[in-house]
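Summary of structural features
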Amino acid sequence: LDVAAKAFPAPRRVVIAGVSAGGFATAYALPLVRRLYPDVRIYVINDSGVGVLPPGIMGKMLSEWNAEKFIPSSCLDCTTQDGHFSNYYRWQLSEDPRLRLGMMSYTRDTVIADGFSDMGGDLFEQVLATEMAGIEEAYPGRMHYFMPSGTFHTFLLGSLQVTAGGMTVAEWIAAMLDDSPEWTSKSD
């Protein structure tokens, strides 16, 4: 980040993107980037690390990744009782009006649903839809999701031509970064 701040002392916008575990890490990176650029619009693209997990997993991840220190003391309920990270995203959006949050996940991402969390596809799909809709409802226009049907994991490392709701990943991200009214939640 020090190198980025020297090379780009006054950007007009900053994009933080992460894939899989890196998607989870976008939440932790945001406060650090915001500190360097307090007045710049920040766009977070979270690809397949949206924080829908069973109870106990998020706390374990925070501990294993030494990321507990990135959870502000003012965020009293950053993880929901169900174990999801949705409240942290709500907190970030409530604290930062210049934040735009793009969340991407396949509806039945087997890496997360079956491997990482052992929730299974049915439960993961249900909880994913509920959590994403809840965040979007609380912060319309500042958070949207891209959720095609499927069991794959990640978008940015694969084909940007995957579609949801009639829009490709590439088009959806471009609409986000252009602050276009076309940037809305897309799902199948």
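Scroll up a little and you will see the structure.
Here's what I pulled together on the structure shown here. (Residues numbered from 1 in each chain as written. Predicted model: local features only at pLDDT ≥ 70, side-chain atom pairs only at ≥ 80, totals over all residues. Heavy atoms only, no water.)

**Section: the overall build of the chain**
Inclusion rule: Under the scheme used here, helices are H or I runs from DSSP no shorter than 4 residues and strands are E runs no shorter than 2 residues, and both carry numbers assigned from the N terminus. In this setup the radius of gyration rests on C-alpha atoms only. A globule is expected at 2.2 Å times the number of residues raised to 0.38. Summary of the burial criterion: residues with accessible area below 20% of their type's maximum are buried, those above 50% are exposed, and those between are partly exposed, where the area comes from a 1.4 Å probe applied to protein chains only. Contact between two residues is taken to exist if any of their heavy atoms lie within 4.5 Å; hydrogens are not considered. Note on areas: Shrake-Rupley, 1.4 Å probe, and residue coverage restricted to the protein chains presented here. Asp and Glu count as negative and Lys and Arg as positive, but His and the ends of the chain are not part of the count. For this purpose, a charge sits on NZ of Lys, CZ of Arg, CG of Asp or CD of Glu.
Counting its regular elements, the chain contains 7 helices and 7 strands. Taken from the N to the C terminus, the helices and strands of the chain come in the order α-β-α-β-α-α-β-α-α-β-β-β-α-β. What you see for the chain is a C-alpha radius of gyration of 16 Å, in line with the 16 Å of a compact globule of 188 residues. On the principal axes, the C-alpha backbone points of the chain span a range of 45 × 40 × 30 Å. Evaluated residue by residue, the chain yields a buried proportion of 49% over its 188 residues. In the chain, 68% of the contacts between residues at least 6 apart in sequence involve partners at least 24 apart. If you sum the accessible surface of the chain, you get close to 9000 Å²; carbon and sulfur atoms cover 54% of it. In the chain, 14 positive and 22 negative side-chain charges are present, and the distance between their average locations comes to 10 Å.

**Quick look at unusual backbone geometry**
Within the chain, Thr154 stands out as a residue other than glycine whose phi angle is a positive 80°. Within the fold, Thr154 resides in the loop between strand 4 (143-147) and strand 5 (163-164). Positioned with a positive phi, Asp179 is a non-glycine residue whose angle comes to about 55°. Assignment of secondary structure puts Asp179 in the loop between helix 7 (169-177) and strand 7 (186-187). Using a relative accessible area of 41% as the deciding quantity, one classes Asp179 as partly exposed.

**A closer look at the sheet that holds strand 1 (residues 13-19)**
Within a beta sheet, neighbouring strands are joined by backbone hydrogen bonds and run either parallel or antiparallel to one another. Formally: Two strands pair if DSSP finds at least two bridges between them. Orientation is described by lines fitted to C-alpha atoms, with helices fitted over the stretch in contact, and by angles between N-to-C directions that extend from 0 to 180 degrees.
With parallel pairing, 5 strands are arranged side by side in an open sheet as 1-2-3-4-7. Bordering the open sheet on either side are strand 1 and strand 7, each of which pairs with just one other strand. Bridge count between strand 2 (residues 41-47) and strand 3 (residues 99-104): 6 bridges; the pairing is parallel. Among the inter-strand pairings, Tyr43 is bridged to a residue of strand 3, identified as Arg100. Where helix 2 (residues 21-36) meets the sheet, it contacts strand 1, strand 2 and strand 3, and its direction lies at approximately 155° from that of strand 1.

**Here we look at empty space enclosed by the protein**
The condition is simple: Here a cavity means grid points, on a 1 Å grid over the protein atoms only, where a 1.4 Å probe fits yet cannot get out; a pocket means an open set of points with protein on both sides within 12 Å along at least five of seven lines; lining residues are those with an atom within 4 Å of a point. Grid points are joined across faces, edges and corners, and a volume is the space filled by probe spheres set on the points. Throughout, the ten residues Ala, Val, Leu, Ile, Met, Phe, Trp, Tyr, Cys and Pro are labelled nonpolar, Asp, Glu, Lys and Arg are labelled charged, and all others, Gly among them, are labelled polar.
Scanning the model with the defined rule gives 2 cavities of 30 Å³ or more in all. Around the largest cavity sit Phe24, Ser48, Gly49, Val50, Gly51, Val52, Ser105, Asp109, Ile112 and Phe124, which together line it. Across the lining of the largest cavity, the residue classes break down as 5 nonpolar, 4 polar and 1 charged. Roughly 30 Å³ of internal volume is contained in the second largest cavity. Among the elements that take part in the lining of the second largest cavity, helix 2 stands out by supplying 3 residues, more than any other. Of the residues belonging to the lining of the second largest cavity, the class tally is 6 nonpolar, 2 polar and no charged.

**Here we look at helix 6 (residues 121-138)**
The cut-off we apply is this: Expected span, for any helix, means 1.5 Å times one less than how many residues it has.
Between the first and last C-alpha of helix 6 there are 26 Å, a value that for 18 residues agrees with the 26 Å anticipated at 1.5 Å per step. Against helix 4 (86-95), strand 3, helix 5 (110-116) and strand 4 lie the buried residues of helix 6.

**Side note on the pattern of salt bridges**
Put simply, the rule is: Salt bridges are counted wherever a side-chain nitrogen of Lys or Arg sits within 4 Å of a carboxyl oxygen of Asp or Glu.
The tally for this structure, following the rule as stated, stands at 5 salt bridges. Residue Arg34 pairs with Asp96 through a salt bridge whose shortest N-O separation is 2.7 Å. On the criterion of sequence distance, the pair formed by Arg34 in helix 2 and Asp96 in the loop between helix 4 and strand 3 is long-range, its members being 62 residues apart. A residue is classified by how much of its surface remains accessible, and Asp96, at 7% relative accessible area, is buried.

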